[in-house]
Amino acid sequence: MKTLFVTDLDGTLLGPEQKVSAYTERVINEFVGRGMLFTYATARSGETAAQVTEGLLTSAPRVLYNGAFAVGADGSIIVKNTFEDTAAPVIDSLLEAGVYPIVYSLIDGREKFSYMPDKLTQDGAEFIATRKTSVRRNPVRSATDLYKGDAFYLTCIDAPTKLAPLYEKFKRDHSCVYQRDIYSGAQWLEIMPKAATKANAISEIKRMLGCRLVVFGDGKNDAQMFRAADESYAVENACEELKFMATAVIGKNSDDGVAKQLIKLYSQAASER
C-alpha cells in the first residue's frame, strides 16, 4: 500500500523566513518525481501557499484554510466546508464583544477577505499589510458588509482578554484555533465550520487514494491531523502538546527536519512495496 505524506507549512516545512529551503525542495521534488504521494495541509490560502512553496512539487490534493478546502492540481475544489447559513450568529457575537473579524468568503464565486480598515487592531493591520497586493482584499465601510457571501473562515486578531472567552464560547460547535502567530506573536482566534479541519480533509484524500497516512506538524491546529494519521512527526520546535502525541520528534523546521525524515521514511516505504 502506498503512503501519503502530508506536511504543515508554517513552522514545519517552511523555515523561519517563510520559505522552503533549496535542500528541502530538492529532496521532495526528487521523491515526487519517483512517485511519492506528497502534499501539504495549511491554514494559508491557495494564493499565499503557492507563493511560499513556489518551485515545490506536490502529487496529491492540497489542503487549505485549515481544511475548509482541498484543491486539485488545477485548482478545482475537491473538499469544501463553508458556514452556509451559520456564520451570521458568530459574526454577531464577535461584533457584540467589540471584535471585528477578517471574514473569508466566496462572493460571487470568488475568494475574498472582508475587513473594516478603521476597526483593525495594530496587529490586524500589520497582517493585512502583508497581503496588500492580494486580489482577495475586500475592505468595507460597514459591518453589514462582513456578512456578504458564503463565509468559510473567520480570523480575529485582538487581545487575549477579548478572544479567550470567545474561544470558549465557540470551540464546542465550531472548529477553532486559538494560538499566537509564530511570526508576529499576535494572539489569533480562527473560527471555521465544524467539519473544516485538516484531519477531515486529509482523511477524505486518504480514502480517495486508498493509502496510509504520515503527517508532519508543529502547532495546535495539527493535533486532529496527528490523531487521524497512521504515523505522525512533530518538528523539534513544535508545541509540547503535539510532541506528546507524535510517533517521534524530528529536527527543527530551520534544519530541514521534514526533508531529512522523508529520506528515511520514503526509502523505507519504497522498499516495502
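Residues numbered from 1 in each chain as written. Predicted model: local features only at pLDDT ≥ 70, side-chain atom pairs only at ≥ 80, totals over all residues. Heavy atoms only, no water.

Chemist: Pulling in residues and values, what's your account of the overall build of the chain?
Modeler: Scanning the chain from N- to C-terminus turns up ten helices and 14 strands. Taking 273 residues into account, the globule formula puts the C-alpha radius of gyration at 19 Å, and the chain, at 18 Å, falls close to it. Each of the three principal axes of the chain carries a C-alpha extent, and together these read 60 × 35 × 35 Å. Every one of the 273 residues in the chain was classed for burial, and the buried ones make up 52%. In the chain, once contacts between residues fewer than 6 apart in sequence are set aside, the share between residues at least 24 apart is 59%. In the form shown here, the chain has an accessible surface area of approximately 12,500 Å², with 48% of it arising from carbon and sulfur atoms. In the chain, which carries 33 positive and 35 negative side-chain charges, the distance between the mean positions of the two groups comes to 1 Å. (Helix = DSSP H or I, 4+ residues; strand = E, 2+ residues; numbered from the N terminus. Rg over C-alpha atoms; globule rule 2.2 N^0.38 Å. Buried < 20%, exposed > 50% of the residue type's maximum accessible area, 1.4 Å probe, protein only. Contact = heavy atoms within 4.5 Å. Areas by Shrake-Rupley, 256 points an atom, 1.4 Å probe, with all protein chains shown as cover. Lys, Arg positive; Asp, Glu negative; His and termini not counted. Charge placed at Lys NZ, Arg CZ, Asp CG, Glu CD.)

Chemist: Explain a nonpolar patch on the surface to me, and be specific about the residues and the numbers.
Modeler: Together, Ile78, Met208 and Leu209 make up a nonpolar patch on the protein surface, roughly 230 Å² of accessible area in all. Mapped onto the secondary structure, Leu209 falls in helix H7 (residues 198-209). Assessed through its relative accessible area of 37%, Leu209 is described here as partly exposed. (Patch = residues over 30% accessible without salt bridge, like charges linked within 9 Å, V, L, I, M, F, W, Y side chains within 5 Å. Salt bridge = Lys/Arg side-chain N within 4 Å of Asp/Glu carboxyl O.)

Chemist: Can you explain the pattern of salt bridges? Please cite residues and give values.
Modeler: Here the structure, examined in full by the defined rule, presents 14 salt bridges. For Lys198, the salt bridge identified is with Asp8, shortest N-O distance 3.0 Å. Here the residue Lys198 occupies a position in helix H7, and Asp8 occupies one in the loop between strand S1 (3-7) and helix H1 (9-13), the gap between them amounting to 190 residues. Pair check on accessibility: Lys198 and Asp8 agree, each one buried. Of the charged contacts in the structure, one is a salt bridge between Glu231 and Arg212, with a shortest N-O distance of 2.9 Å. In this pair, Glu231 is assigned in strand S13 (residues 231-235) and Arg212 in strand S12 (residues 212-217), connecting sequence segments 19 residues apart. Overall, Arg212 belongs to the partly exposed group, its relative accessible area being 28%. Each of Asp8, Lys198 and Asp222 takes part in a single network of salt bridges with overlapping partners.

Chemist: Break down the pairing of S13 for me, citing the residues and quoting the values.
Modeler: Among the five residues that make up S13, four are buried, leaving the element largely enclosed by the rest of the structure. Bridge analysis of S12 against S13 gives four bridges, and the strand direction is parallel. By the bridge assignment for S13, Val214 is matched with Glu231. In this region the chain leaves S12, passes through helix H8 (residues 223-228) and returns to the parallel neighbour S13; the handedness of that crossover is right-handed. For the crossover that starts at S13, traverses helix H9 (residues 240-245) and ends in the parallel strand S14 (residues 248-250), the hand is right-handed. (Pairing = 2+ DSSP bridges. Right-handed = clockwise from strand over helix to strand, strands pointing away.)

Chemist: Outline unusual backbone geometry, listing residues and values.
Modeler: One non-glycine residue, Gln18, adopts positive backbone phi at about 60°. Structurally, the position occupied by Gln18 is in the loop between H1 and helix H2 (22-33). Taking the relative accessible area as the measure of exposure, Gln18 reaches 32% and is therefore partly exposed. Of note, the phi angle at Asp108 is positive, near 55°, even though the residue is not glycine. For Asp108, the location among the structural elements is in the loop between strand S6 (102-107) and strand S7 (110-115).

Chemist: Summarise the packing of aromatic side chains; cite the residues concerned and give the values.
Modeler: Using the criterion set out here, one finds 14 aromatic pairs in the structure. Measuring from ring centre to ring centre gives 6.1 Å for Tyr65 and Phe69, while their planes differ by 70°; the resulting arrangement is edge-to-face. As far as the burial class goes, Tyr65 and Phe69 line up, both buried. Aromatic pair Tyr104 and Phe113: ring centres 5.6 Å apart, planes at 40°, arrangement tilted. (Phe/Tyr/Trp six-rings, centres within 6.5 Å; stacked < 30°, edge-to-face > 60°.)

Chemist: Give a description of the layout of surface pockets that names residues and reports values.
Modeler: If you add up the space inside the largest pocket, you get close to 1,000 Å³. In terms of lining, the largest pocket is formed by 43 residues, of which the most central are Asp10, Arg44, Asp181, Tyr183 and Trp188. Breaking the lining of the largest pocket down by element, the ones donating at least two residues are H1, helix H3 (46-52), helix H5 (122-129), strand S9 (150-157), strand S10 (175-180) and strand S11 (187-192). Residue composition of the lining of the largest pocket, grouped by class: twelve nonpolar, 17 polar and 14 charged. Reported here for the second largest pocket is a volume of approximately 460 Å³. Residue assignment for the lining of the second largest pocket shows that the elements contributing at least two residues are S10, H7 and H8. Each residue belonging to the lining of the second largest pocket can be placed in one class, and the counts come to nine nonpolar, six polar and six charged. (1 Å grid on protein atoms, 1.4 Å probe; cavity = no way out; pocket = protein on both sides within 12 Å on 5 of 7 lines; lining within 4 Å. Points joined across faces, edges and corners; volume = space filled by probe spheres on them. Nonpolar A, V, L, I, M, F, W, Y, C, P; charged D, E, K, R; others polar.)

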